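Listed here are the chains, written in short residue letters.
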Amino acid sequence: MARLKFGAFLAPHHPIGEHPMLQFRRDLDLVEQLDSLGYDEFWCGEHHSSGWEMIASPEMFLAAAGERTKRIKLGTGVVSLPYHHPFNVAQRMVQLDHMTGGRAIFGSGPGALASDAHTLGIDPMTQRDRQDEAIAIIRRLFNGERVTAKSDWFTMNDAALQLLPLQEEMPFVVASQISPSGMTLAGKYGIGIISLGSMTTQGLMSLRQQWEFAEDAARKHGTTVNRADWRVLLTWHIAETREQARREAGAGLMRWHNEYNVGTLQRPGLTAFSSPDEAVDKTAFVDGAASTIGTPDDLVKTIKNVMEVSGGVGAIIGFVHDWANPEAMRRSWDMVARYVVPEINGYIDGLRRSQKFVIENRAIFERAGQAVMAKIMENEKAAEALKQTGPGRVAIPAVNAPDLQKEAAKRQA
């Protein structure tokens, strides 16, 4: 089975009340940590309202992150294309690709917050069509074409990029939630997908159907989509025990749900949690839960379920949140890298097989001990000294050591 990639998605969702400058710095510290832990990708979003999401330019944030990191890929998650002239988006992404040494991923969406579109005077009914239109233009620009185009929201006259992406082909990714529009766009252009709606039980269960939307669109437009380019977003908080994870995440999860989802966005059908325990129970301990609050083993189980439900994806992307305090949050990401990633990708399977072989074939290796004993008995002084041998007195690797105490007893007899 192909190995899964792992990454992180920073919307960001930060509670109001903390110094924004320190939040920006802590987010950059997290990217640096994830890079050192071997995560494959880091995604950063664009928002202009709601209070909880204050990164307006993902390209600017990722450029700073690029200076702190060495290998992790840096994705815009996402640039809301209807908010920008397509030529400017293309130029910024090319510059980001060069500044990060060819590590940029271009993720786009129509715009998630109705309040952002309202601020910019954009009719929500036009957003998805504008995203489609902009993707087509930007792909042509990335290919080095000179483009003249006139739309009801932008004009381009003999436009061509002075610089092309550093990568031979910068990855294109579209965001998808519950509606089929994102998956349909991916199929139309034969590009990647990041599924954001999978953080809910309903979104998780619809993944297989969502992929069918992409495949149907690909057949219609003569392109192909690859599950290796499909990223699925999950939420988790991991600790040594479920009880510890519950203690660390409960209050922050309750605040995020009550203040952001219910109080700020006023999402239909949601009600406030009355306690941290209720927040954890209804988020992570219900049938089909899309969130994991528990141990590395719990997250391994969740990811394997996602692979089964979806039919297979290329990357698991963790949602960055402030449910726990900064120290516990960073430890959670550390534990995922140390225990979950190698378990899912089979990095330690060979070590387990090697250990099992030695345990089950002990008799084969006893000849090594016999060889040691033969050399001892060839030497008269060594044989006499064997009488004085006690536990722990001989520094021989255990796998090669004969039972010296047993032999000493024989000599004394």
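Residues numbered from 1 in each chain as written. Predicted model: local features only at pLDDT ≥ 70, side-chain atom pairs only at ≥ 80, totals over all residues. Heavy atoms only, no water.

## Focus on the overall build of the chain
Thinking step 1. The helix and strand tally for the chain stands at 16 helices and twelve strands.
Thinking step 2. Against the globule reference of 22 Å for 413 residues, the chain gives a C-alpha radius of gyration of 28 Å, more extended than a compact globule.
Thinking step 3. Based on the C-alpha atoms only, the size of the chain along its principal axes is roughly 100 × 55 × 40 Å.
Thinking step 4. The buried share of the chain, taken over its 413 residues, is 50%.
Thinking step 5. Within the chain, contacts between residues at least 6 apart in sequence are counted, and of these 72% link residues at least 24 apart.
Thinking step 6. Approximately 20500 Å² of the chain is accessible, and the part contributed by carbon and sulfur atoms is 52%.
Thinking step 7. With 45 positive and 49 negative side-chain charges, the chain shows a separation of 6 Å between the mean positions of the two kinds. (Helix = DSSP H or I, 4+ residues; strand = E, 2+ residues; numbered from the N terminus. Rg over C-alpha atoms; globule rule 2.2 N^0.38 Å. Buried < 20%, exposed > 50% of the residue type's maximum accessible area, 1.4 Å probe, protein only. Contact = heavy atoms within 4.5 Å. Areas by Shrake-Rupley, 256 points an atom, 1.4 Å probe, with all protein chains shown as cover. Lys, Arg positive; Asp, Glu negative; His and termini not counted. Charge placed at Lys NZ, Arg CZ, Asp CG, Glu CD.)

## What to know about the nonpolar core
In globular proteins that are soluble, nonpolar side chains generally tend to be buried together.
Thinking step 1. Among the nonpolar cores identified, the biggest contains 78 residues, and Phe 42, Phe 61, Phe 106, Phe 142, Ile 303, Ile 316 and Trp 333 are the most heavily contacted of them.
Thinking step 2. With eight residues, the single largest contributor to this core is helix 12 (residues 326-345).
Thinking step 3. The contacts of Ile 316, once residues within four sequence positions are left out, are Leu 4, Lys 5, Phe 6, Gly 7, Val 232, Leu 234, Trp 236, Ile 303 and Val 306.
Thinking step 4. Phe 9, Val 78, Ala 175 and Leu 233 belong to the second largest nonpolar core, which has 28 residues in total. (Core = buried A, V, L, I, M, F, W, Y, C linked by side-chain atoms within 4.5 Å.)

## Overview of the environment of Ser 80
Thinking step 1. Within the fold, Ser 80 resides in strand 4 (residues 79-80).
Thinking step 2. On the accessibility criterion, Ser 80 (2% relative accessible area) is buried.
Thinking step 3. Along the sequence, Ser 80 and Gly 51 sit 29 residues apart, while their C-alpha atoms lie 18 Å from each other.
Thinking step 4. If near-sequence neighbours (up to four positions away) are discounted, Ser 80 is found in contact with Glu 46, Gly 109, Pro 110 and Gly 111.

## Describing the pattern of salt bridges
Thinking step 1. Under the defined criterion, the tally for this structure stands at 20 salt bridges.
Thinking step 2. Between Arg 68 and Glu 32 there is a salt bridge, and its shortest N-O distance comes to 3.3 Å. Within this pair, whereas Arg 68 is found in helix 2 (residues 58-68), its partner Glu 32 is found in helix 1 (residues 20-36), the two being separated by 36 residues in sequence.
Thinking step 3. Classification of Arg 68 by relative accessible area gives partly exposed; the value is 32%.
Thinking step 4. Ionic pairing is found between Arg 92 and Glu 59, a salt bridge with its closest N-O pair at 2.9 Å. Of this pair, Arg 92 sits in helix 3 (residues 86-99) while Glu 59 sits in helix 2, placing them 33 residues apart in sequence.
Thinking step 5. Taking relative accessible area as the criterion, Glu 59 reaches 7% and is therefore assigned buried.
Thinking step 6. When salt bridges that share partners are traced, they join Asp 29, Glu 32 and Arg 68 into one network. (Salt bridge = Lys/Arg side-chain N within 4 Å of Asp/Glu carboxyl O.)

## Some details on the packing of helix 2 against helix 3
When two helices pack together, you describe them by how their axes are tilted relative to each other and by the distance separating the axes.
Thinking step 1. In the contact formed by helix 2 and helix 3, the axes pass within 9 Å of each other and the chain directions differ by 10°. Relative to helix 3, the element helix 2 is oriented roughly parallel. Residues Glu 59, Leu 62, Ala 63 and Glu 67 of helix 2 form the contact with helix 3, whose participating residues are Arg 92, Met 93, Leu 96 and Met 99. (Axes fitted to C-alpha atoms, helices over the stretch in contact; angles between N-to-C directions. Parallel < 35°, antiparallel > 145°, perpendicular 65-115°, else oblique.)

## Digging into the layout of surface pockets
Thinking step 1. What the second largest pocket holds in volume is close to 640 Å³.
Thinking step 2. For the second largest pocket, the lining is made up of 32 residues, of which Glu 169, Met 170, Pro 171, Phe 172 and Asp 229 are closest to its centre.
Thinking step 3. Taken together, the elements giving at least two residues each to the lining of the second largest pocket come down to helix 5 (127-142) and strand 8 (172-176).
Thinking step 4. Considering only residue class, the lining of the second largest pocket consists of 14 nonpolar, seven polar and eleven charged. (1 Å grid on protein atoms, 1.4 Å probe; cavity = no way out; pocket = protein on both sides within 12 Å on 5 of 7 lines; lining within 4 Å. Points joined across faces, edges and corners; volume = space filled by probe spheres on them. Nonpolar A, V, L, I, M, F, W, Y, C, P; charged D, E, K, R; others polar.)

## Brief notes about empty space enclosed by the protein
Thinking step 1. Overall, the coordinates contain two cavities of 30 Å³ or more when judged by the stated rule.
Thinking step 2. Its boundaries defined by the atoms lining it, the largest cavity holds a volume of some 40 Å³.
Thinking step 3. Together, Trp 236, His 237, Phe 319, Val 320, His 321, Met 329, Ser 332 and Trp 333 line the largest cavity.
Thinking step 4. Taken together, the elements giving at least two residues each to the lining of the largest cavity come down to strand 10 (230-238) and helix 12.
Thinking step 5. Tallying contributions element by element places helix 12 first for the lining of the largest cavity, with three residues.
Thinking step 6. Of the residues in the lining of the largest cavity, the class split is five nonpolar, three polar and no charged.

## Let's talk about helix 12
Helical geometry: 3.6 residues make up each α-helical turn, so side chains three or four residues apart lie on a common side.
Thinking step 1. In this model helix 12 runs 27 Å from its N-terminal to its C-terminal C-alpha over 20 residues, within 8% of the 28 Å that 1.5 Å per residue would give.
Thinking step 2. Remark: the principal bend of helix 12, roughly 35°, maps to Val 336.
Thinking step 3. Of the residues making up helix 12, those classed as buried are Ala 328, Met 329, Ser 332, Trp 333, Met 335, Val 336, Ala 337, Val 340, Val 341, Pro 342, Ile 344 and Asn 345.
Thinking step 4. Close packing links the buried residues of helix 12 with strand 1 (5-10), helix 1, strand 10, helix 9 (242-264), helix 11 (296-310) and strand 12 (315-319).
Thinking step 5. Looking one or two places after helix 12, you find Gly 346, whose phi comes out positive at around 75°. (Expected span 1.5 Å × (residues − 1). Bend = angle between axes of the 7 residues up to and from the residue.)

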